[in-house]
Amino acid sequence: TTYYQIVDHNSGMALGIANGSTSQGAQVVQETAQNPASAEELWQVVPNGDGFYHIVNKNSGLAIGIAASGGSNNAQWGSKLLQWNYGSATLDQMWCLEPTESGYYKLCSRNSDQVVGIANPKTQSGANAITWPGVFGSEDQEFNFVPASQ
């Protein structure tokens with residue numbers, strides 16, 4: 001199994017789970033990237049067979065989803081990302097990885113057609129990962145997937 005640190009282009013910080021929680025509903029935040037990466041900063045990218053992926057945290061075994069989406073296409077701008085039980089048919093847990101011209105990836109939600117970005121303050125540890133309309137060239141919406149050394 002390959003795990004990745006998902007590192008924000010703008011801040012250089014990694015996506016992790018607030019306070020290393022293993023609970024459902026814990027927020028996905030950016031935090032100072034550890035070297036080697038801590039389990040809360042490691043993610044498995046699981047293809048679901050139709051071009052979308054589930055992103056599952058190594059520490060908790062839970063997948064990234066969108067707060068208050070109800071699994072349907074009603075996520076609002078600025079909705080926080082949370083970790084939830086992994087559900088193969090849950091739309092708010094399905095993501096596409098769209099390459100950018102700068103060599104990074106945008107994480108696009110199948111649920112809302114929005115992308116993952118970092119809420120203000122965009123360069124501080126603990127800032128929430130949120131969904132937002134995609135903006136060309138917005139570095140807080142671009143991520144690098146760094147394979148973790150096992």
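Refer to the structure presented above.
A brief look at the structure comes next. (Residues numbered from 1 in each chain as written. Predicted model: local features only at pLDDT ≥ 70, side-chain atom pairs only at ≥ 80, totals over all residues. Heavy atoms only, no water.)

Some remarks on the nonpolar core
Counting 19 residues, the largest nonpolar core has L15, V28, W43, L81, W95 and F143 as its most contacted members. When contributions to this core are tallied by element, the ones reaching two or more residues are β2 (14-17), β4 (43-47), β6 (63-66), β10 (115-118) and β12 (143-147). When neighbours within four sequence positions are excluded, L15 is seen to be in contact with I6, V28, V29, Q30, E40, E41, W43, I118, A129 and F143. In terms of nonpolar packing, the next biggest core, distinct from the first, is built from 5 residues, F52, M94, C96 and V115 among them. (Core = buried A, V, L, I, M, F, W, Y, C linked by side-chain atoms within 4.5 Å. Buried < 20%, exposed > 50% of the residue type's maximum accessible area, 1.4 Å probe, protein only. Helix = DSSP H or I, 4+ residues; strand = E, 2+ residues; numbered from the N terminus. Contact = heavy atoms within 4.5 Å.)

Quick word on the environment of A127
Position of A127 relative to the elements: it lies in the loop between β10 and β11 (129-132). Taking the C-alpha atoms as reference, A127 lies 9.7 Å from L15; in sequence the two are 112 residues apart. Setting aside its immediate chain neighbours within four residues, A127 contacts V29, Q30, I118, A119 and P121.

A few points about the pattern of salt bridges
Tallied over the entire structure, the rule returns 2 salt bridges. Residue R110 is joined to D50 by a salt bridge in which the shortest nitrogen-to-oxygen separation is 2.6 Å. Placement of R110 in the loop between β9 (105-109) and β10 and of D50 in the loop between β4 and β5 (53-57) is noted, with a sequence separation of 60 residues between them. Judged by its relative accessible area of 39%, D50 is partly exposed. (Salt bridge = Lys/Arg side-chain N within 4 Å of Asp/Glu carboxyl O.)

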